[in-house]
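Next come the chains, spelled out residue by residue.
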Amino acid sequence: MTTVEAVGTRRVRRYHLALIGVALAIVLLSLVRVLAGSTDLTSSGTFAIALAFAVPIGLAGLGGLWAERAGVVNIGLEGMMVLGTWFAGWAGYQWGATAAVVAGLLGGALGGLVHAIATVSFGVDHIISGVAINLIGPGVTRFLSEVLYAEGSPANEAGAGITSSPTLSSPAPEVSLPLFSSGSDWLGKLENTHWFLLSDVAGILRGLTHEVNVLIIVAVALIPLSYYVLWRTAFGLRLRSCGENPWAAESLGVNVYLTKYIAVVISGALAGLGGVFLVFVATKYVEGQTGGRGFIGLAAMIFGNWRPGGLAAGASLFGYADGLQLRSSQAVTGLFLLGALLLILYVGMRLRRGPLGDQGAGHYTVVGLSALGAAVFFWLWLTVEALPSEFVFITPHVLTLLVLSVASQRLRMPKADGVPYRRGDQH
Amino acid sequence: MGGVTLLRNKFGKLAVSTLAGAMLMVTAACGGGTDSGTAASPEASKSGLKVGLAFDVGGRGDKSFNDSAYAGLERAQKELGAEIKDLSPAGDGSNRGALLEQLAQAGYNPIIGIGFAYEADVKKVAAEYPDLQFAIVDSGSSGPNVTGLTFAEHQGSYLAGVAAALKSKSGHIGFVGGVKGALIEKFEAGFVAGAKATKPDIKIASEYLAPEGQFDGFKAPEKGKAEAEKMFQDGVDIVYHAAGDSGVGVFQATVEANKNGGGKWAIGVDSDQALTIKEADQQKIIMTSMLKRVDNGVYEFIKAFKDGAKGGQTVAYDLKVDGVGLSTTGDHISDVQAKVDEAKAKIVSGEITVPDKP
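Residues numbered from 1 in each chain as written. Chains lettered and ligands numbered in written order. Predicted model: local features only at pLDDT ≥ 70, side-chain atom pairs only at ≥ 80, totals over all residues.

What follows is about the sheet that holds strand β2 (residues 83-87) of chain B. Residue and element names in this part refer to chain B. Strand order in the open sheet made by the six strands is β2-β1-β3-β4-β5-β11, with parallel pairing throughout. The open sheet terminates on both sides in strands that have one partner only, identified here as β2 and β11 (314-317). Geometrically, the sheet is characterised by an average inter-axis angle of 20° between neighbouring strands, direction not taken into account. Looking at chain direction, strand β1 (residues 50-54) and strand β3 (residues 111-113) are connected through three bridges and run parallel. Paired with Gly52 across the two strands is Ile111, which belongs to β3. Along the sheet face, helix α3 (residues 96-105) touches β1, β2 and β3 and points at about 175° away from the line of β1. (Pairing = 2+ DSSP bridges. Helix = DSSP H or I, 4+ residues; strand = E, 2+ residues; numbered from the N terminus. Axes fitted to C-alpha atoms, helices over the stretch in contact; angles between N-to-C directions. Contact = placed C-beta atoms within 7 Å.)

Accessible area lost upon the coming together of the parts serves often as the stated size of an interface. As assigned here, chain A comprises domain 1 (40-176 + 211-327) and domain 2 (328-410). Relative placement of domain 1 of chain A and domain 2 of chain A: their C-alpha centres are 34 Å apart. (Domains from an automatic or database assignment.)

Let us now look at the sheet that holds strand β9 (residues 265-270) of chain B. Residue and element names in this part refer to chain B. An order of β7-β6-β8-β9-β10-β12 is seen for the six strands of this open sheet, with the pairing classed as mixed. Two strands bound the open sheet, and with one partner strand each, they are β7 (203-210) and β12 (324-326). Averaged over all pairs of adjacent strands, the angle between their axes in this sheet comes to 15°, without regard to strand direction. Bridge analysis of β9 against strand β10 (residues 286-292) gives five bridges, and the strand direction is parallel. For Asp270, the partnering residue across the bridge sits in β10 and is Leu291. Each of β6 (172-179), β7 and β8 (238-242) touches helix α6 (residues 182-198); the most contacted strand, β6, lies at about 170° to it.

Okay, here's the thing in structure tokens:
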């Protein structure tokens, strides 16, 4: 009884902590926005792009989650995503957006199926099979383009080329929140007043609700749905047991092969859906448009400690940094101020915990370095007018690397992730 | 990177290095074995002229730079009776050198590399096959059997800048470059110079989609769209792009910006994009395109080769020989054509020197 209660209160506390964290981040961002005068830090445009950039990464990450929770390492996400983009483009130009979604899901699932056959049935090393799929994906799609989009084909007449499909015959529907972000657009009006905090919250909300692609809503809904299925259903328990200890699962009557097959095929379908989203944004398939997002999704999943909420946070972070970089190179300098404020906050928290001497000598160094870092960031923000573009381009990567190295100290992957499993083997 | 630490615990160091190696392989070999486009001449080679051409990243069907080169190749096929073969590189362009080798071994002569990225590969392969003639577009000659075909993009972009400055109502225009580097900066420099010379107080926003060497900036429509959207929200009303396939995103953003009050325009690049783009709503918002007559360059080179010309020099296609210029499809710039022609005359006469660096 007591343990149940303890678990309950801890969960509540973690949930509250996350909320407080988000609120604090918004307050900090709006403070930096006012001080640095770069409105793009919290503008609805930035958040709309951040959301659009985070979705394919998040979907790829979810794909990785499903496979790895069942014990199959999936670095073939990129290749499956490429298959998703091609099939979405091919079906989309002929039969519209709905067909694009179906075809993209199937294309990605096909990649997943190949991976499942290789790793589950034939016991091929997961990394090798994944690499093979990353090679096969672009190869197969280029071949299909050469056959179906060649000079003189009907698709070519409609605007296709070796490297791109014709435009989708119907665009993906977009929805807005009535009154708040369309029509009388209350949030938009509030955002344009540039009041402290209020306008920032309005900008963020408007970015997340104005002309949102329906696939974004589906993708966001898939995160709690994945959590529910994997952690709250009997099927999810069986699936995760295949990732933790397939031999124990087998002894309890779980069909490990079948479960792994299902998980990896769903994984591929989710990666394919990420590809469909890219096609929706560009309104057509363009060769190479995945741009390594499958790998970034995998990193987001590891950052998120193989959990849906964590990977969503990782994907959002990368999406935001990438969107901000594109929106405004000037706003990126505002991040210096943000960094300085964060470090000052950290030093404050460290000092409140009691005299430094009680916490061991190493803490002097940590606090000292943090204070120095804050000073350097603050000085940089004051002196640097505009960053050289070379630095602006790498901001998202540097930011991700920093957060990864700070936040990802205590990760635990599924215990039997990547371990080959043969039915009936002793372990 | 906690993930790597974990992996190391899990698989041992060997496995981690294998993984790292595998990822490298992926980037290196991504479609390294992909097939390439071919187009054999229907009426075989009457003249014994066999022309091989290797496209830039994006390949055939990019509605822009590569397709313009292909138009020149096709003209050579029709008018000079050449047998032609064209190859498109892998998605990341890693097999450029292999394509040139392939053409050389198959006995094609001359061989043309499209795009400055071929510079090193053309130099190397041309040295290996001294008996064959090579040409490279967007780069200077690098050997006795290499002809450089360069274009004065800055001069054409100057005219685009003049037209944009005259047509802009908000006094705020924008430039979207695909990948940072000397070539695309020529476009930017000319555009800015032309606009400033026409209206000294004009505001110009100038952005790139990817840093130098990262060629995916030419094929990221979603980034082009995001960048152009931002510009339109800031009050820009005309955006000029030099971003390859990413330009499609700029056109999409322009169409959408016109939904909330019209008067927003995009300027295309390389080919006459109001013709090469198939979407009707996008055709309507392309004010003009900065033409880069790669087709002329390719055709003239093949013709000269047939007439016995040898390489070793760089041929510059500038405004004087109409190697660059502005398209007039849709008649959107007819009201400012006189001023554009005036600027053109001044550049040709040497009265205006257009900078090629920003």
